[in-house]
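Listed below, chain by chain, are the residues.
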Amino acid sequence: MSSIYTTNIFQKFQGEILRIPSCNAVHIQQEGDKSTYLVKQLVMKTNGEKRLKDYRVIWNGSDKVSCICGLFGFNGYLCRHAMVVLFVVGVYEIPSHYILKRWTRDAKIVDICNGVEDSGPEFVVKCFSDLRADSIKLAEEGSISKERYKATKAFLKDALIKVTSMNKVPVTVPKKNSKEANLVT
Ligand SMILES: [Zn+2]
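How each quantity is defined
Residues numbered from 1 in each chain as written. Predicted model: local features only at pLDDT ≥ 70, side-chain atom pairs only at ≥ 80, totals over all residues. Heavy atoms only, no water. Helix = DSSP H or I, 4+ residues; strand = E, 2+ residues; numbered from the N terminus. Buried < 20%, exposed > 50% of the residue type's maximum accessible area, 1.4 Å probe, protein only. Contact = heavy atoms within 4.5 Å. Areas by Shrake-Rupley, 256 points an atom, 1.4 Å probe, with all protein chains shown as cover. Pairing = 2+ DSSP bridges. Phe/Tyr/Trp six-rings, centres within 6.5 Å; stacked < 30°, edge-to-face > 60°. Axes fitted to C-alpha atoms, helices over the stretch in contact; angles between N-to-C directions. Nonpolar A, V, L, I, M, F, W, Y, C, P; charged D, E, K, R; others polar. Donors = N, O, S within 2.8 Å, 3.2 Å for Na, K, Ca; no water. Tetrahedral: all angles 85-135°; square planar, octahedral: opposite > 155°, others 65-115°. pLDDT = per-residue confidence, 0-100.

(A) Fine view of the overall build of the chain. Broken down by element type, the chain carries seven helices and four strands. Tracing the chain from N to C terminus, the helices and strands come up as α-β-β-β-β-α-α-α-α-α-α. The proportion of buried residues among the 185 residues of the chain is 26%. By sequence separation, contacts in the chain at least 24 residues apart represent 44% of the contacts at least 6 residues apart. For the chain, the exposed area adds up to about 13100 Å²; of that, 58% sits on carbon and sulfur atoms.

(B) Representation of the pairing of strand β2 (residues 34–44). As paired strands, strand β1 (residues 23–31) and β2 are joined by eight bridges and run antiparallel to one another. The residue of β2 that forms the bridge with N24 is K40. The hairpin formed by β1 and β2 contains two residues between the paired strands, and G32 there has a positive phi angle of roughly 60 degrees. Sheet topology note: the β2/strand β3 (residues 50–59) ladder contains ten bridges and is antiparallel. What sits directly across from T36, in β3, is I58.

(C) Representation of the packing of aromatic side chains within the structure. Enumeration over the complete set of coordinates arrives at three aromatic pairs. Between F72 and Y98, the ring centres sit 5.1 Å apart and the planes meet at 85 degrees, which makes this aromatic pair edge-to-face. Taken together, the residues F72 in helix α2 (residues 71–75) and Y98 in the loop between α3 (80–88) and α4 (108–115) connect sequence positions 26 residues apart. Of the residues examined, F72 reaches a relative accessible area of 25% and is grouped as partly exposed.

(D) Fine view of the packing of helix α5 (residues 121–142) against helix α6 (residues 146–166). It is at 8 Å that the axes of α5 and α6 come closest, and there the two elements cross at 145 degrees. Here L138, E141 and G142 of α5 come into contact with α6, specifically with R148, Y149, T152 and L156. Residue classes in the contact of α5 with α6 are distributed as three nonpolar, two polar and two charged.

(E) How the structure looks around the coordination of the zinc ion. Within the first shell, the zinc ion binds the protein through C67 (SG), C69 (SG), C79 (SG) and H81 (ND1), at distances of 2.0 to 2.3 Å. Note that the zinc ion binds four donor atoms; their angles at the metal cover 105 to 116 degrees, and the shape is tetrahedral. Written as a sequence motif, the donor arrangement for the zinc ion is C-x1-C-x9-C-x1-H. Here C69 is found in the loop between β4 (65–67) and α2, whereas its partner H81 is found in helix α3, with twelve residues between them in sequence. Given a relative accessible area of 3%, H81 falls into the buried group.

(F) Spotlight on the confidence of the model for the chain. Overall, the predicted model of the chain reaches an average pLDDT of 81, with 77% of residues at or above 70. When the criterion is pLDDT under 50, residues 169–173 qualifies, and its contacts beyond four places in sequence or with other chains add up to five contacts. Here residues 178–185 scores under 50 on pLDDT; set against residues more than four positions off or in separate chains, the count is twelve contacts.

(G) Molecular detail of the environment of G76. Secondary-structure assignment places G76 in the loop between α2 and α3. For G76, a relative accessible area of 0% gives the class buried.

See the structure below:
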C-alpha cells in the first residue's frame, strides 16, 4: 500500500494495520451471502486498564465490507476491524473501491498543495523535490531514443514557456539557430 498511498495517508493507514493484532473476529450471523462478524478489539485505557470493545462488521460475500465504527466514511481508508474481517474471509488485497483516488500518489499534486502553506520554504522544498523526481523520470524515459529525446525536449520547451508566463516572468525562447532548437525541430 505504501506504493499507492501518499506518505501522510499511508502513515495513518499503517496505524490501523499495526493495531490489527489487537482485534479478533467472530462470525455471529449468516444471511445468504451476507456475513456478520463481531470484532473484539483490546483497548488500553489511559490508566493502563485493558478492556474489549465490540465492532460489528458486515461482509457481503464478494467485495463490500462495512464497519460500525465508520472510519472509512470519515477518513477514506479502511479500519482495522474491516481489514481483520477481509483477512478472515480470505480477501488478502484491499478491494480497489476502498482506495480513494484522493489519497493516492496520482493525487499527490493536491496533497502537496494542501499539506503546507501556499508559499514559503517548506512549500518550495516539497514542490522542488517532487518536480525533480518527475524530471529525472522524464529524462530517463526521454533519453532512450532520438525520437523520444526530440519529443521530450519539445514538451519541456513548451512547458517552460507556459510556466514562466504564468508568473509574468520574461520568457526566453531559444533562437532558431541555437543548438537546442535544432534538436527539437
Ligand atoms: Zn471499524
